[in-house]
Amino acid sequence: MSDITVLVLDDHEVVRRGICDILERADGIAVVAEASTVAQAVRRAEAVRPQVILSDLRLPDGTGLDVIGHVRGKLPDTRIVVLTSYDDDEARAAARSAGADVFLAKTAGPNEILQAVRDAASGREHGQHISVHEDDVVARLTPMERRVLDLVGAGLANREIAEKLGIAEKTVKNHVTSVLAKMGLQRRTQVVAWATAKRAHSFRG
């Protein structure tokens, strides 16, 4: 069986790379293109004809809805997963009306992102558009792990975190390992990407 081909569209480079990293490490999924604007996404989608597009909703030169409208006309077999910080009824309704197959909050964990891509590619229906809040993702973390998560997400090194929290650097490393495992992540860069998406959600509303 051939890999599911995916185009990832997000104007935040660190978020886009974090998402690509998650997808590229998964079996049966291949990222064939990246884009940061509507114009790039349209050109590259027509060139590579991906099975699935993961699209942010707000972009520098338009919205993910513009991409959906174009793709629905030119590439009717391509499935659309709207991956966005805007987790509200209005955004969900707009994405659904435009023709999105799945609506997924950026604060969803890696497993939810992978499942959304696979379900979209296979045409399986979701009972509801997926909406995962950050509280669901970090619910399994201890209070100390949440503090470590916040500091890793802010870009601090283990030594800096140890000094800030007054604990040993080795203890920080153990907490980081536990956080990654519980969140289904494999790299610190993915934590930074997750934190960036979470901050965008807070700032933009």
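Residues numbered from 1 in each chain as written. Predicted model: local features only at pLDDT ≥ 70, side-chain atom pairs only at ≥ 80, totals over all residues. Heavy atoms only, no water.

**With respect to the confidence of the model for the protein**
Taken residue by residue, the protein gives an average pLDDT of 82. The fraction at 70 or more is 82%. Taken as a whole, residues 126–135 scores under 50 in pLDDT and shows 28 contacts with residues more than four places along the chain or in a different chain. Taken as a whole, residues 201–205 scores under 50 in pLDDT and shows 11 contacts with residues more than four places along the chain or in a different chain. (pLDDT = per-residue confidence, 0-100. Contact = heavy atoms within 4.5 Å.)

**With respect to the environment of Arg-146**
Within the fold, Arg-146 resides in helix α7 (residues 143–153). C-alpha of Arg-146 to C-alpha of His-175: the two residues are 29 residues apart in sequence and 9.3 Å apart in space. (Helix = DSSP H or I, 4+ residues; strand = E, 2+ residues; numbered from the N terminus.)

**Re the pattern of salt bridges**
Scanning all chains against the criterion turns up six salt bridges. A salt bridge links Arg-17 to Glu-24; the nearest nitrogen and oxygen atoms lie 3.8 Å apart. Owing to a relative accessible area of 41%, Glu-24 belongs among the partly exposed residues under this scheme. Here Arg-79 and Asp-101 are joined by a salt bridge, their closest N and O atoms 3.3 Å apart. Of this pair, Arg-79 sits in strand β6 (residues 79–84) while Asp-101 is found in the loop between α4 (89–98) and β7 (102–105), placing the two residues 22 residues apart along the sequence. (Salt bridge = Lys/Arg side-chain N within 4 Å of Asp/Glu carboxyl O. Buried < 20%, exposed > 50% of the residue type's maximum accessible area, 1.4 Å probe, protein only.)

**What to know about the packing of α7 against helix α8 (residues 158–165)**
Two quantities define a packed helix pair, namely the angle between the helix axes and the distance between the axes. Orientation of α7 relative to α8, taken along the N-to-C sense of each, is 130°, at an axis distance of 10 Å. For the element pair α7 / α8, the angle class is oblique. Helix-helix and strand crossings are classified by hand; for α7 and α8 the assignment is right-handed. Here α7 contributes Met-144, Arg-147, Val-148, Leu-151 and Val-152 to the contact with α8, which in turn contributes Ile-161, Lys-164 and Leu-165. Within the contact of α7 with α8, the residues separate by chemical class into six nonpolar, no polar and two charged. (Axes fitted to C-alpha atoms, helices over the stretch in contact; angles between N-to-C directions. Parallel < 35°, antiparallel > 145°, perpendicular 65-115°, else oblique. Left-handed = near helix turned anticlockwise from the far one by under 90°. Nonpolar A, V, L, I, M, F, W, Y, C, P; charged D, E, K, R; others polar.)

**Focus: the pairing of strand β3 (residues 52–55)**
A two-sided burial pattern is seen for β3, the buried positions comprising Val-52 and Leu-54 on one face and Ile-53 and Ser-55 on the other. Note: strand β1 (residues 4–9) against β3, four bridges, orientation parallel. The residue bridging Val-8 from the neighbouring strand is Leu-54, located in β3. (Pairing = 2+ DSSP bridges.)

**Quick word on the nonpolar core**
Grouped together as the largest cluster of nonpolar side chains are 41 residues, with contacts concentrated most on Val-6, Leu-23 and Leu-54. With residues up to four places along the chain from it excluded, the contact list for Leu-23 reads Val-6, Val-8, Ile-29, Val-31, Leu-54, Ile-113, Leu-114 and Val-117. Membership of the second largest hydrophobic core comes to 20 residues, among which are Ala-33, Val-38, Val-42 and Phe-103. (Core = buried A, V, L, I, M, F, W, Y, C linked by side-chain atoms within 4.5 Å.)

**Looking at the UniProt feature "modified residue: 4-aspartylphosphate" (unreviewed entry) in the protein**
Within this numbering scheme, the UniProt entry marks Asp-56 as carrying the feature "modified residue: 4-aspartylphosphate" (unreviewed entry). Among the structural elements, Asp-56 can be located in the loop between β3 and β4 (58–59). (UniProt positions renumbered as here; feature names shortened; annotations may be inferred.)

**Considering helix α9 (residues 169–183)**
With 15 residues, α9 extends 21 Å from end C-alpha to end C-alpha; this agrees with the ideal 21 Å at 1.5 Å per step. All of the buried residues along α9 are Val-172, His-175, Val-176, Val-179, Leu-180 and Met-183. On an axial view of α9, the arc spanned by its buried residues comes to 135°, and they lie on one face. Among the exposed residues of α9, those oriented more than 90 degrees off its buried face are Lys-170, Lys-173 and Ala-181. (Expected span 1.5 Å × (residues − 1). Arc of directions from axis to C-beta.)

**So, the packing of α8 against α9**
At their nearest, the axes of α8 and α9 sit 8 Å apart, and the two run at 110° to each other. One element, α8, and the other, α9, form an angle in the roughly perpendicular class. Along the contact surface, α8 presents Asn-158, Arg-159, Ile-161 and Ala-162, while α9 presents Glu-169, Val-172, Lys-173 and Val-176. Of the residues that constitute the contact of α8 with α9, the class distribution is four nonpolar, one polar and three charged.

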